[in-house]
Amino acid sequence: MESRAPRVTWAAAPPRPSPSPAAAAAAAASARSRARSVARSAVEAAQTARGRRMALRGLAGSGPGSRGLLDEAGAADEEREVPAVVAAGDAPEDVEEDEGRNRGLLRWDGFSAWLHCVCVVGFDLELGQAVEVIYPQHSKLTDKEKTNICYLSFPDSNSGCLGDTQFCFRFRQSSGRRVSLHCLLDQFEKDLPVYLKKDPAYFYGYVYFRQVRDKTLKRGYFQKSLVLISKLPYIHFFHTVLKQIAPEYFEKNEPYLEAACNDVDRWPAPMPGKTLHLPIMGVVMKVRIPTCHDKPGTTQIVQLTQQGDTHISVILPTVHEVDLFSCISPLKYFSDFRPYFTIHDSEFKEYTTRTQAPPSVILGVTNPFFAKTLQHWPHIIRIGDLKPAGEIPKQVKVKKLKNLKTLDSKPGVYTSYKPYLNRDEEIMKQLQKGVQQKRPSEAQSVILRRYFLELTQSFIIPLERYVASLMPLQKSISPWKSPPQLRQFLPEEFMKTLEKTGPQLTSRIKGDWIGLYRHFLKSPNFDGWFKTRRKEMTQKLEALHLEALCEEDLLHWTQKHTEVETVDLVLKLKNKLLQADREHLPVKPDTMEKLRTHIDAIILALPEDLQGILLKTGMT
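Scoring rules and cut-offs
- Residues numbered from 1 in each chain as written.
- Predicted model: local features only at pLDDT ≥ 70, side-chain atom pairs only at ≥ 80, totals over all residues.
- Heavy atoms only, no water.
- Core = buried A, V, L, I, M, F, W, Y, C linked by side-chain atoms within 4.5 Å.
- Buried < 20%, exposed > 50% of the residue type's maximum accessible area, 1.4 Å probe, protein only.
- Helix = DSSP H or I, 4+ residues; strand = E, 2+ residues; numbered from the N terminus.
- Contact = heavy atoms within 4.5 Å.
- Pairing = 2+ DSSP bridges.
- Axes fitted to C-alpha atoms, helices over the stretch in contact; angles between N-to-C directions.
- Parallel < 35°, antiparallel > 145°, perpendicular 65-115°, else oblique.
- Left-handed = near helix turned anticlockwise from the far one by under 90°.
- Patch = residues over 30% accessible without salt bridge, like charges linked within 9 Å, V, L, I, M, F, W, Y side chains within 5 Å.
- Areas by Shrake-Rupley, 256 points an atom, 1.4 Å probe, with all protein chains shown as cover.
- Salt bridge = Lys/Arg side-chain N within 4 Å of Asp/Glu carboxyl O.

(A) Summary view of the nonpolar core. In this structure, Trp114, Leu226, Tyr234, Phe237, Phe238, Leu257 and Trp267 are the most contacted members of the largest nonpolar core, which totals 41 residues. Elements with a contribution of two residues or more to this core: strand 1 (117-124), strand 2 (128-135), strand 4 (202-213), strand 5 (221-230), helix 5 (235-252), helix 6 (254-265), strand 6 (275-280) and strand 7 (283-288). For this core, the element with the most residues is helix 5, which contributes nine residues. Each residue touching Phe238, except ones within four places of it in the same chain, is listed here: Trp114, Leu115, Tyr206, Leu228, Ser230 and Leu232. Listed in part, the 25 residues of the second largest apolar core include Tyr451, Ile460, Val467 and Leu498.

Put into structure tokens, the structure is as follows:
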């Protein structure tokens, strides 16, 4: 169940018998005393909560994203109330250093908004892989995290991999990691598409690995990886960054890396929907992070250099997409996935045990060991060598898992499941024609992404329509009652809607759509999708309730109620303001202003001593 803030709920007070003058005076004095006690308690609670927030900021200042411990300029003890806003009292040198990025951020906060750290992993003949450099030096990695980075930063295969190789991996954070200041930038998360939101439990590693022959080394090879560690799933963007800095780093070593990190620290925050100009070692990258409001399948940024963009060196049409995309976008894959996984991974035993059913995870592996160890898994995709350009691949069929012969198996999809939908011959012909005509791989990827996007939209539209019907009618929302609850999702009720409003209306694909929906409703992907939609709809109900509240004459209401009830109303209204801000409720700006006006008017109608208590700092 989603956490819910206290509701504003009132009931009409019953009529009271007229007391004697003395009793009335005593009752009034008692009521005033109670009202002041309630207000003072609320003030103390608010101040205590504010103290905890300041303590949290203190803890955050010692975390990996903080500039506090390593601020050569001596600005470590400056207090930041809100990220990406000019902090009062910035020293002139700080303002100069902040040129080109958001004002008010302490040293390394700009860097932490994009990266956790940068690692250099080398190969030691006696120790094996080892982390040689972590930058910035104050960045924190546990021993377990360092071990994972070491093994995941080197190709785990016997293919040789001479030259330069780029790839990415994903690994689990160690539990108990402290909150760092860059978490305060999560205010941008609400505007991101669901598939670009950070997973707080995982890091991404973006690798540029170089292996070249070097007779001066005892091993006979130079083997080293430059690795960017980030929480952001911006695969294409970070691969491009590495292409810009890694070759130079291997020539110039650590001073170059320090200069590159200082450039990143001056970047503006990764704000969705805004065109960003990001300078990195003499090159300026122009990018735009998509928002949840973008039309699906559209290009993120105009690729043509416009007048005034003569300083732009690299224009990225996308930050996250690679040649092969997530096939269920705009849905998010809610299970675990590892683009690259080795036998040394800390979750190796967890994911390869035979004592239970295979875990819900996608693993990308290169070591032949896995071909034998994981052949009991229900789905295995074997990828062979790339075909020469222009050669048309033979028809690849989905094969039964029992036909898999470990190491000598041909490339293909091996599965124990029967497909629910028929094969789409039209898209296959279109892609094969593209290979024949030597169509660029980027164009082929666009065709494939658009195809799967349309297929997923056909699948999800009936679900969206049904879930929307679970929303209570707006006329049922009363300011004097708690917001109404969403109706329950009933699988069988949903299935009955498919006959008239199913995917057959928008997709040409034939097959067992009902069976596919039944399977999907039992999956982590449905669970994650529905929890996200339910949270959005619940927040919408909260916003509508708040708007209904603002349309009432609350000052007139207080004239018929006691001081204690009025103080309670003020505190609850303030809680509604805090909730709207904390949960980023979809409330119109003028609604928030109306609510503040109501609160001010009610407070000013109270006795002066109560006004003083309720207007104290920390209450709003």
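(B) Representation of the environment of Leu606 in the model. As for its position among the elements, Leu606 is in the loop between helix 16 (589-604) and helix 17 (608-614). According to the relative accessible area criterion, Leu606 is buried, its value standing at 9%. Separated by 43 residues in sequence, Leu606 and Glu563 place their C-alpha atoms 7.7 Å apart. Aside from chain neighbours lying at most four places away, what touches Leu606 is Thr566, Gln611 and Leu614.

(C) Quick look at unusual backbone geometry. Note that the residue after Tyr135, namely Pro136, is joined by a cis bond; omega there is -5°. Tracing the backbone shows Pro136 in the loop between strand 2 and helix 4 (143-152). Although it is not a glycine, Met281 sits at a positive phi angle of roughly 50°. Position of Met281 relative to the elements: it lies in the loop between strand 6 and strand 7.

(D) Layout of the sheet that holds strand 1. Across the sheet, five strands lie side by side as 2-1-5-4-3; this open sheet has antiparallel pairing. Every interior strand has two partners, whereas the edge strands, strand 2 and strand 3 (163-172), have only one. Pairwise comparison of adjacent strand axes, ignoring direction, gives a mean angle of 25° for this sheet. Pairing of strand 1 with strand 2, which is carried by seven bridges, proceeds in the antiparallel orientation.

(E) Representation of the sheet that holds strand 13 (residues 412-415) within the structure. Across the sheet, three strands lie side by side as 11-13-12; this open sheet has mixed pairing. Both edges of this open sheet fall to strand 11 (379-382) and strand 12 (398-400), since each of them pairs with a single strand only. Neighbour to neighbour, the strand axes of the sheet diverge by 25° on average, direction disregarded. Note that strand 11 and strand 13 share four bridges and pair antiparallel. By the bridge assignment for strand 13, Ile381 is matched with Val413.

(F) Local environment of the packing of helix 13 (residues 524-550) against helix 16. Packing of helix 13 against helix 16 leaves a shortest axis separation of 9 Å and a crossing angle of 50°. Taken as axis vectors, helix 13 and helix 16 run oblique relative to one another. Along this stretch, helix 13 crosses helix 16, giving a crossing that reads as left-handed. Between helix 13 and helix 16, the contacting residues are Leu546, Glu547 and Cys550 on the first element and Thr591, Lys594, Leu595 and His598 on the second.

(G) Summary view of a nonpolar patch on the surface. Taken together, the side chains of Ile381, Ile383, Val398 and Val413 make up a nonpolar region of the molecular surface, amounting to roughly 410 Å² of accessible area. Inspection of the secondary structure puts Val398 in strand 12. When its relative accessible area of 47% is taken as the criterion, Val398 is described as partly exposed.

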